[in-house]
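# A structural walkthrough
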Amino acid sequence: QVQFVESGGGLVQPGGSLRLSCAVSGWIRSIYVMGWYRQGPGSQRELVADITPDGDTTYADSVKGRFTISRDNAKNTVYLQMNSLRPEDTAVYYCKTYAAVYGGGGARDYWGQGTQVTVSS
């Protein structure tokens, strides 16, 4: 019902930058909050940042001032600009959207497949 195309992950040196993107498609009636989560080795999945359709944002304390989330509502796409990357940012980054689909009842969370980000020299 909902498909994700995530891109932009990879290997980067400490201090470098990456830009993740996540395009959502399918039988979507409404998309509400879109966000990025991450799960590092041996860690629980955690919120990195999310954004409402009106542009209100939330960030984890660990990424404030370094990461910027944005979205293009017309394209159902959310972006994560990551600057000043650190080794501790290494994780699989997952796109999540809270959305309602046609014929699917009320809104619920949908998750992308994840993209690996590795910060290492």
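So, a few notes on the structure that sits alongside this text. (Residues numbered from 1 in each chain as written. Predicted model: local features only at pLDDT ≥ 70, side-chain atom pairs only at ≥ 80, totals over all residues. Heavy atoms only, no water.)

### Some points on the packing of aromatic side chains
Applying the stated rule across the entire model yields 3 aromatic pairs. With a centroid separation of 5.0 Å and 65° between ring planes, the pair formed by Tyr 37 and Trp 111 is classed as edge-to-face. Of the two residues, Tyr 37 is situated in strand S4 (residues 28–39) and Trp 111 in strand S10 (residues 108–111); the sequence distance between them amounts to 74 residues. Trp 111 gets classed as partly exposed once you look at its relative accessible area, which sits at 35%. The interplanar angle of 80° and the centroid separation of 6.5 Å between the aromatic rings of Tyr 94 and Trp 111 together place this pair among those described as edge-to-face. Residue Tyr 94 is located in strand S9 (residues 91–101), and its partner Trp 111 is located in strand S10; the two are separated by 17 residues in the primary sequence. What links up through ring pairs into an aromatic cluster is the set Tyr 37, Tyr 94 and Trp 111. Of note, Arg 19 hangs over the ring of Tyr 79, and the distance from its end group to the ring centre comes to 4.2 Å. The side chain of Arg 45 reaches across the aromatic face of Tyr 94, ending 3.7 Å from its centre. (Phe/Tyr/Trp six-rings, centres within 6.5 Å; stacked < 30°, edge-to-face > 60°. Helix = DSSP H or I, 4+ residues; strand = E, 2+ residues; numbered from the N terminus. Buried < 20%, exposed > 50% of the residue type's maximum accessible area, 1.4 Å probe, protein only. Lys NZ or Arg CZ within 6 Å of the ring centre and 35° of its normal.)

### Points about the pattern of salt bridges
Inspection of every chain in the model, using the stated rule, returns 5 salt bridges. Note that Glu 46 and Arg 38 form a salt bridge whose closest N and O atoms lie 2.8 Å from each other. If you follow the salt bridges from partner to partner, you end up with Arg 38, Glu 46, Arg 66 and Asp 89 in one network. (Salt bridge = Lys/Arg side-chain N within 4 Å of Asp/Glu carboxyl O.)

### Concerning the sheet that holds strand S1 (residues 2–7)
Ordered in space as S1-S3-S8-S7, the 4 strands form an open sheet in which the pairing is antiparallel. In this open sheet, the two edge strands, each paired with only one partner strand, are S1 and strand S7 (67–72). Mean inter-strand twist for the sheet, computed between neighbouring axes without regard to direction, equals 15°. Here S7 runs beside strand S8 (residues 77–82); their pairing, made up of 6 bridges, is antiparallel. (Pairing = 2+ DSSP bridges. Axes fitted to C-alpha atoms, helices over the stretch in contact; angles between N-to-C directions.)

### Quick notes on the nonpolar core
By size, the foremost hydrophobic cluster in this structure holds 31 residues, and its most contacted members are Trp 36, Leu 80, Met 82 and Tyr 93. Secondary-structure elements contributing two or more residues to this core are S1, strand S3 (18–26), S4, strand S5 (46–51), S7, S8, S9 and strand S11 (115–119). With 5 residues, S9 is the largest single contributor of residues to this core. Those residues within four positions of Met 82 in sequence are excluded, and the remaining contacts are Gly 16, Ser 17, Leu 18, Leu 20, Arg 66, Phe 67, Tyr 93 and Val 117. (Core = buried A, V, L, I, M, F, W, Y, C linked by side-chain atoms within 4.5 Å. Contact = heavy atoms within 4.5 Å.)

Shape is all these values report; function is a separate question.
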